[in-house]
Amino acid sequence: MQLEIMLFFQRMAHPFLDAVANFLSFFGEEVPLIVIITIIYWCISKKKGFVILFNLMSALLTMQVLKAIFRVPRPFQQHPELIKGQRIETATGYSFPSGHSTGSAAFFSSLMREFRVPSVVAISIVLIVGVPLSRLYLGVHWPLDVAVGVVIGLSATAFLSRLFEKLYDDRTLKEKVAKSLGAIFIIIALCLILLLQAGLVDETAWSDLAKLATILGFGILGIYLESSLIGFSTSGNTKDRILRFIFGIIVVAMLQALKIVFPEGIYYIGAFIRYGLTGIWITFLMPLCSVKLGIMERERDGQA
């Protein structure tokens, strides 16, 4: 049945649909998600950004663990004579479940929940449906992959949002949890990175999980440091908000561009540094620098 569905999408192949599928698939990738999250977290509402970020990371972590456990080949790998894979540079791990489907479902359902504006709801629904369909059309995932991915993503929003809202509101608990979880994920990430660097584990299974654990660990640690040392506010005039976003996102791009600096022989050590710096930059160092530069203020009582 799954192969028949894949062949149905293969028969639909057309240059226009190729462009549409590639466009939709892009919205399940890290660049647009990071851009939107940073806009929200730095410039609109720290609490909403916190909830969306943690929903997304919880879903992605679940997805990556399942990938490492089941290790299902992708359609274009299992049936290269029947299925043509497109945008395969984004197909970096195993097939089940779909990372794009998981990420888009978690992110856009959270976005829709936090910002109940008709235009946001409409766009979110289109992408929650469109991104998984695009992955089927592009031949990089099986139907079960995208179905399970969507379920994981929607479940994260449905069952974890209130928990993360309560955690955010309890500053003392938030700092304790962030300090502990940050340390745990950094240790896990470092262990995986060293195993990968030594060639002792399956790269396809563990590479993406190691990077996720790294950015998650340092990002959560950054939340602890920011809450205890800064307490920034997203308030401010439009000019300051635009400046802080441009400043912050340029540094994120520069940190990821460090990939070209590290030799291939220490690729995973370099990835640990890049993703670790990116995580702690987003949640701690960027707010710290912005407060020092005067384009971001500290919180007043009652602000989020």
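Residues numbered from 1 in each chain as written. Predicted model: local features only at pLDDT ≥ 70, side-chain atom pairs only at ≥ 80, totals over all residues. Heavy atoms only, no water.

**Here we look at unusual backbone geometry**
Following Phe 96, the chain continues into Pro 97 via a peptide bond in cis, with omega recorded as -10°. Mapped onto the secondary structure, Pro 97 falls in the loop between helix H5 (75–78) and helix H6 (99–114). One non-glycine residue, Arg 71, lies in positive phi territory at about 50°. Locating Arg 71 in the fold gives a position in the loop between helix H4 (46–70) and H5. (Helix = DSSP H or I, 4+ residues; strand = E, 2+ residues; numbered from the N terminus.)

**A word on the pattern of salt bridges**
Overall, the coordinates contain nine salt bridges when judged by the stated rule. Taking the shortest distance from any N to any O, the salt bridge between Glu 226 and Lys 46 comes out at 3.2 Å. Of the two residues, Glu 226 sits in helix H10 (residues 203–229) while Lys 46 sits in helix H4, which places them 180 residues apart along the sequence. By the burial criterion, Glu 226 is buried, and Lys 46 matches it. Of the charged contacts in the structure, one is a salt bridge between Arg 171 and Glu 175, with a shortest N-O distance of 3.0 Å. Residue Arg 171 and its partner Glu 175 are both found in helix H9 (residues 171–197); the two are separated by four residues, about one turn of the helix. The exposure class assigned to Arg 171 is partly exposed, which follows from its relative accessible area of 47%. Taking relative accessible area as the criterion, Glu 175 reaches 16% and is therefore assigned buried. One network of salt bridges, with partners in common, ties together Lys 48, Arg 113, Glu 114 and Glu 165. (Salt bridge = Lys/Arg side-chain N within 4 Å of Asp/Glu carboxyl O. Buried < 20%, exposed > 50% of the residue type's maximum accessible area, 1.4 Å probe, protein only.)

**Thoughts on helix H12 (residues 267–293)**
Each α-helix winds once per 3.6 residues, and so residues spaced three or four apart point in a common direction. The end-to-end C-alpha distance of H12, which contains 27 residues, comes to just 34 Å, noticeably less than the 39 Å that a straight helix rising 1.5 Å per residue would cover. A maximum bend of about 65° is found in H12 at Trp 281. After H12 finishes, the residue Gly 294 shows a positive phi value of roughly 80°. (Expected span 1.5 Å × (residues − 1). Bend = angle between axes of the 7 residues up to and from the residue.)

**A short note on empty space enclosed by the protein**
Going through the model one piece at a time under the given rule, you end up with one cavity of 30 Å³ or more. Its boundaries defined by the atoms lining it, the largest cavity holds a volume of some 30 Å³. Phe 50, Phe 54, Leu 167, Lys 174, Val 177, Ala 178 and Ile 220 are the residues that line the largest cavity. Looking at the lining of the largest cavity, the elements with two or more residues in it are H4 and H9. In terms of residue count, H9 provides more of the lining of the largest cavity than any other element does, three residues in total. Across the lining of the largest cavity, the residue classes tally to six nonpolar, no polar and one charged. (1 Å grid on protein atoms, 1.4 Å probe; cavity = no way out; pocket = protein on both sides within 12 Å on 5 of 7 lines; lining within 4 Å. Points joined across faces, edges and corners; volume = space filled by probe spheres on them. Nonpolar A, V, L, I, M, F, W, Y, C, P; charged D, E, K, R; others polar.)

As far as function goes, none of this settles anything; it's purely spatial.
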